[in-house]
Structure formats: structure tokens, C-alpha cells
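If you want the building blocks of each chain, they are given just below.
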Amino acid sequence: MIGIAPLEKEIQPLRDELTNHRVYGLLAEMDDVRLFMQKHVYPVWDFMSLLKALQNHLTCVQVPWKPAKNTTTARFINEIVWGEETDVNEKGTPKSHFEMYLDAMEEVNADTSKVLSFVNSLKGLDTIEEDINKADLQPAEKEFLLFTFQTIKENKVHKIASAFTFGREDLIPDMFLEIIEQSSKEQKPNYPKLTYYLERHIEVDGDEHGPLSLEMIKELCGNSELNWLEALDAAKHALKVRIKLWDEIASEIELTKKQLTN
């Protein structure tokens, strides 16, 4: 198997399962959105570690500086880093997307203390798996984060890029469109930070980053059958841990709704 088309065909059932997940239909009230955000914030956070791993591989971050092997790919990665780490919020203030997401969480009265405590407790990449396992996180949250950092530590750039592209960049517009479609028109004006964050991701990732990320996969896998198979495995795994996280969120929302009606 060599090429984007056969890879995308293989992962399409998982993408369909994810984009048609029942969790989106459960986001009817702000209490549901709060719970969703309190768990989704971990993928928002660890996305940056995948991105930084790609920056380390595909651009030059060392001194003395040397030209990148592929300037087009290096520019693409640097543009994403610039946009994700130092974008501007709805007021034009520079902020990372993670910080913008935290602001949106606070806007809807979602708890940010847990994720901030977790992030601040981390010591480094050498102990990241131990730190995740010890953290006060649910099983699917832990599995999601462990996959991210195990992929990074494996140090195969085509696998990191595949997890990034098919589990994150290529997927985000579909997921966020579902969330916006479920949000009522009456509620949107009350939550400008959340609405801006969602619409900003759709604009940037859908129109700019997605297509370029596919070109990056083509370059990194080349004509190597093994690289394409490993990229496929990483893509499938990334989608499966996302589905498990969505399952966990949906189950928590359903349980909360059941308790409220009893």
C-alpha cells in the first residue's frame, strides 16, 4: 500500500464512526458542553507536543543553524507553530490555542484547574508516561495521552506526522463543524470566546493546514511500503483512541442526564 488514497480508504470507516459519533447529539445544554470541554482540553494541549516533535524533525531548531531538508515542509510546520502557539484571540491579543481554549472554558464556567494542575506537574518527556498513569484522569484520557507521547518517543517522523494529520489536523474541521451545528443560535452570542475558537479552527485547519499536511505525509513516506503501513497504523490508532475518548465523554454526559432526571 503506497499513497494517500489507499490510506484514506482504509481509515474512512473510523473517520465515519467519529464524525457520526453520538456525543455530538448529546451537546444540547451548556452543562454538556462544559463536560465535553473539560475532557477535550487534553487533546487540545497534547496537540502542541506532536507539533513540536514535527518541528524538531522537519525544521532546524539547533545552533549552528542549517537549512531544512525540505523548505516547503519546514515552512508549513513553522506556520502551524506560529498559528497555534501565537495566534490572536477574538480581541486581537496574541495567545496560544490552548490558552484560548482555557479562556473559552472559563467563559462557560468549565473547570480548568484539573488540566492546569496536570500540565504544571509534568517533569519532562522521560517521565511523561509515568506522570500520565499517576494523574487523576479517566481511562480514555490516559490512553489518548499515552498514545501521543509513545508515538513521539518512538521517534519515527512519518508516524508522528500521520497521527498529527489523520488524528488531528485533517479531522478537526469535521469534529468542530458537528459541535457548531449542535449549538443553538440563541446560545452562540453568549459565548464569543468558544464560538471564535471553534470557527477559527475550522477556518485555519480546513482551508490551509489540512491539504498541506497530506503533502507532508507523501514526502515523509515516499515510496517506502513500510513507511506507508506504519503511517496507516498510526492513523488508525489515533482515530481509535479519539473514539474511545468520545465514548467516555458520551457515557459521562448520559449518566449525568440520567441522574438529573431521577
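Rules of the game
- Residues numbered from 1 in each chain as written.
- Predicted model: local features only at pLDDT ≥ 70, side-chain atom pairs only at ≥ 80, totals over all residues.
- Heavy atoms only, no water.
- Phe/Tyr/Trp six-rings, centres within 6.5 Å; stacked < 30°, edge-to-face > 60°.
- Helix = DSSP H or I, 4+ residues; strand = E, 2+ residues; numbered from the N terminus.
- Buried < 20%, exposed > 50% of the residue type's maximum accessible area, 1.4 Å probe, protein only.
- Contact = heavy atoms within 4.5 Å.

Some points on the packing of aromatic side chains
Enumeration according to the criterion identifies 6 aromatic pairs in this entry. Taking the centre distance of 4.9 Å and the plane angle of 70 degrees together, the rings of Y101 and Y197 count as edge-to-face. With Y101 in helix α4 (residues 97-107) and Y197 in helix α10 (residues 192-221), this residue pair connects regions lying 96 residues apart in the sequence. Note on accessibility: Y101 and Y197 belong to one class, buried. A connected cluster of aromatic rings, assembled from ring pairs, spans Y42, W45, F118 and F149.

Focus on α4
For the α-helix, the turn length of 3.6 residues means that residues three or four positions removed from each other point alike. α4 sits mainly inside the fold: 8 of its 11 residues count as buried. Positive phi shows up at N109, right after α4, with a value of about 65 degrees.

Remarks on the side chain of N227
By the secondary structure assignment, N227 is in helix α11 (residues 225-261). The contact partners of N227, leaving out residues within four places of it in the chain, are H158, L220 and C221.

Quick notes on the environment of L116
Within the secondary structure, L116 sits in helix α5 (residues 113-121). In this structure L116 comes out as partly exposed when scored by relative accessible area, which is 31%.

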